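# Structural description and commentary
If you want the building blocks of each chain, they are given just below.
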Amino acid sequence: MFFIDTIELQGLGNRHYLAGGQNTAVAVDPPRDVDQVLAAAARRGVRITHVVETHVHNDYITGGLELARLTGAAYLVPAGAHVSFTRVPVADGDTVTVDDGLTLRAVATPGHTPHHTAYVLQENDVPVAAFTGGSLLIGTVGRPDLVEPRLTERLARAQHASAHRLAAELPDETSVLPTHGFGSFCSSAQAEGDATTIGREKTVNAALTTDVDSFVADLLAGLDDIPAYYAHMGPANAGGPAPVDLTPPAVADSASIAARLAAGEWVVDLRNRVAFAEGHVAGTFNFEVDGQLATYLAWMIPWGKPVTLLAESPEQLAAAQRELVRVGIDRPAAAATGTPRAWAADGGALASFPRSTFAGLAENGTDGVVVLDVRRASERAAGYIDGSVHIPIHELHKRLGEVPAGPVWVHCGGGMRAGIGASLLDAAGRDVVAVDDGFDSAVAAGLPVVTA
C-alpha cells in the first residue's frame, strides 16, 4: 500500500507532494517553508529518505535543499540543471526505492525547462502516479518561455513531445500530479478541474489532441505576462536557498511607520479591501493577505526595497510572512498589529475612499470620470468598457502619471486587484473609487462593453 499527500499553496497556485509507504517517503518539489512537509511526514509516521525536484523553479523558492539537510534525505535534482550545491544528479530512467515494493522512476520531460524531469511512482513496477511538475498539467502544460526567449519555440515543441511520451508510456489510469496549474503563472493556461489521469488528458489536453505545429502556435499566442519576481527565483534556487526565518519582525510604532512612508518605503496593509477602504494610514498600500499576496506584492515592489507589514493580528502577520518567504521576501523591515488608529502618527485622521459596483458606475455615468482597467492584456482582449484606460495592475505603480486627470473608477476582474490599484492611486493623492465587482456584471449593468 502507498499514500500520496498533497500540500497545496493556493496563493501561489502550486501543489507539493509527500508519497510513500509504511516506513519511508519522498517529498516532491517541496515549498520553502518545509515545516508543512515535516508535519505531513510526522502524521504518517514515515521518514523522508528522498527529496526530488522536477526542475529549477521560476515561481517560488524551493525548500528542497533545507528539507534534505534536516532529514538526511538524498536530494535528487535533474542532472542538466546548473546548480551550485551538492545533490544527486538524476538522469532519464534512473530509479530509487521509496519503500518496500514502491519505486520512483525519472522520466526526462523537457519543455517547461530544458532539464525538466517527471517522476513516476510505481507499485510493484506498475505505474500508479506521475509527478509531472511543470510538464503535463491538468488540461494544459507548463509555459515554455521562462528560461530564455530564444529557446521558447524549441521548448514548446519539447512540451508536445514530452506530453506524448508520458501518454505513450503510462497506463490510462495513472494519476497525473503536477506542481503547477492551480493559479500559478508557470502554467501556460488556467484549466478547469482538480484531478486528472493520463487517460483523461488524452481526450482534453491540447498537447495530446493537436498536431505539434498547431499546438505550438496556439501555445505561444496565449502566453501571459511573466511576474517580475520570477527573474530572481531561478538564480536563488540554483544557488541554494537559505533556511527561512519566520520569527516576528521588529515592531513598528506610529512614528516609525510615518518615517518609513516619508522615506519612500513600502508600508503594506494586509487587511481585507473593505476594511482598508473604510480607513487606513495615508500612503499605505493594500495587499490582502487572503488574496494572492506573494504573487502581486513580489511582482510590483522594487526588488530589495524594505517593506513594513500592518496586520490585524499576529496570526495574520505570520500568514503573510509565510507567504512572502516563499518568493524570497525574507524579512520585513518592521511590522505592526492592531488597528489603523494605532498606526497613524499623532492620532491623525485616516484616509479612505468609496467602493462601488459596475451598476454603481453605470448609475454615476462614465462622463467626466476615468475608468481604469487594471486587468492583464489577455483578460482585456475578451472585452472591455468602451473608453476605459488600460494599465495592468503590475505596471500601475510605475505608470501612475499616465492616469488622466479626474476621478478614477478602478476595476479588475473581481475586485482584489482593483483594491490594490485604488490604494496606489489613493496614496498618490488621487480621487478614487474601487469597483469591487465581477467584470461579468459590467454588461448586465448596461455599460458599453466592447468585445472582439
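Higher on the page you've got the structure.
Residues numbered from 1 in each chain as written. Predicted model: local features only at pLDDT ≥ 70, side-chain atom pairs only at ≥ 80, totals over all residues. Heavy atoms only, no water.

Here we come to the nonpolar core. Counting 53 residues, the largest nonpolar core has F287, L297, L309 and L372 as its most contacted members. With 7 residues, the top contributor of residues to this core is helix α10 (residues 293-300). Contacts of L297, omitting those with residues within four sequence positions, involve W266, V268, F287, V307 and L324. One finds V51, L67, A68 and V77 within the second-largest nonpolar core, a separate group that totals 22 residues. (Core = buried A, V, L, I, M, F, W, Y, C linked by side-chain atoms within 4.5 Å. Buried < 20%, exposed > 50% of the residue type's maximum accessible area, 1.4 Å probe, protein only. Helix = DSSP H or I, 4+ residues; strand = E, 2+ residues; numbered from the N terminus. Contact = heavy atoms within 4.5 Å.)

With a phi angle near 50 degrees, D29 is a residue other than glycine that sits in the positive phi range. Looking at where D29 falls in the secondary structure, it is placed in the loop between β3 (24-28) and α1 (35-44). The phi angle at N124 is positive, at roughly 50 degrees, despite the residue not being glycine. Its location among the elements puts N124 in the loop between β9 (117-123) and β10 (126-133).

What follows deals with the sheet that holds strand β12 (residues 266-269). Sheets are built from strands paired through backbone hydrogen bonds, the pairs being either parallel or antiparallel. If you walk across this open sheet you meet the 4 strands as β13-β12-β14-β15, and the pairing is parallel. A single partner strand is all that each edge strand has here, and the edge strands are β13 (285-286) and β15 (334-337). (Pairing = 2+ DSSP bridges.)

Applying the stated criterion to the full structure yields 9 aromatic pairs. When the ring of Y75 is compared with that of F85, the centres are 5.7 Å apart and the planes differ by 20 degrees; the resulting orientation is stacked. Highlighted residues: Y75 in strand β5 (residues 74-78) and F85 in the loop between β5 and β6 (88-90), separated in sequence by 10 residues. Taken individually, Y75 and F85 each receive the classification buried, so the pair is uniform in this respect. Ring centres 5.7 Å apart and planes at 85 degrees place the aromatic pair F358 and F439 in the edge-to-face group. One end of the pair, F358, is in helix α13 (residues 358-364); the other, F439, is in the loop between β21 (432-435) and α17 (441-444), and 81 residues separate them in sequence. Both residues of the pair, F358 and F439, count as buried. An aromatic cluster of three or more residues is present, and its members are F185, Y296 and W299. Sitting over the ring of F439, R375 keeps its end group 4.0 Å from the ring centre. (Phe/Tyr/Trp six-rings, centres within 6.5 Å; stacked < 30°, edge-to-face > 60°. Lys NZ or Arg CZ within 6 Å of the ring centre and 35° of its normal.)

A separate point is the side chain of E66. Counting through the fold element by element, E66 comes out in helix α2 (residues 64-71). In this structure E66 comes out as buried when scored by relative accessible area, which is 14%. Reaching out from E66, the side chain makes a polar contact with the side chain of R69 at a distance of 2.7 Å. If near-sequence neighbours (up to four positions away) are discounted, E66 is found in contact with V34 and P243. (Polar contact = N/O pair within 3.5 Å; in protein donor to acceptor, adjacent residues only side chain to side chain.)

Further remarks concern the packing of α10 against helix α11 (residues 314-325). Their axes nearest at 9 Å, the elements α10 and α11 cross at an angle of 60 degrees. Accordingly, the angle class assigned to the pair α10 and α11 is oblique. Between α10 and α11 the crossing geometry is right-handed. Every residue of α11 that contacts α10 at L293, A294 and L297 is listed here: A320, E323 and L324. Grouping the amino acids of the contact of α10 with α11 by side-chain chemistry returns 5 nonpolar, no polar and 1 charged. (Axes fitted to C-alpha atoms, helices over the stretch in contact; angles between N-to-C directions. Parallel < 35°, antiparallel > 145°, perpendicular 65-115°, else oblique. Left-handed = near helix turned anticlockwise from the far one by under 90°. Nonpolar A, V, L, I, M, F, W, Y, C, P; charged D, E, K, R; others polar.)

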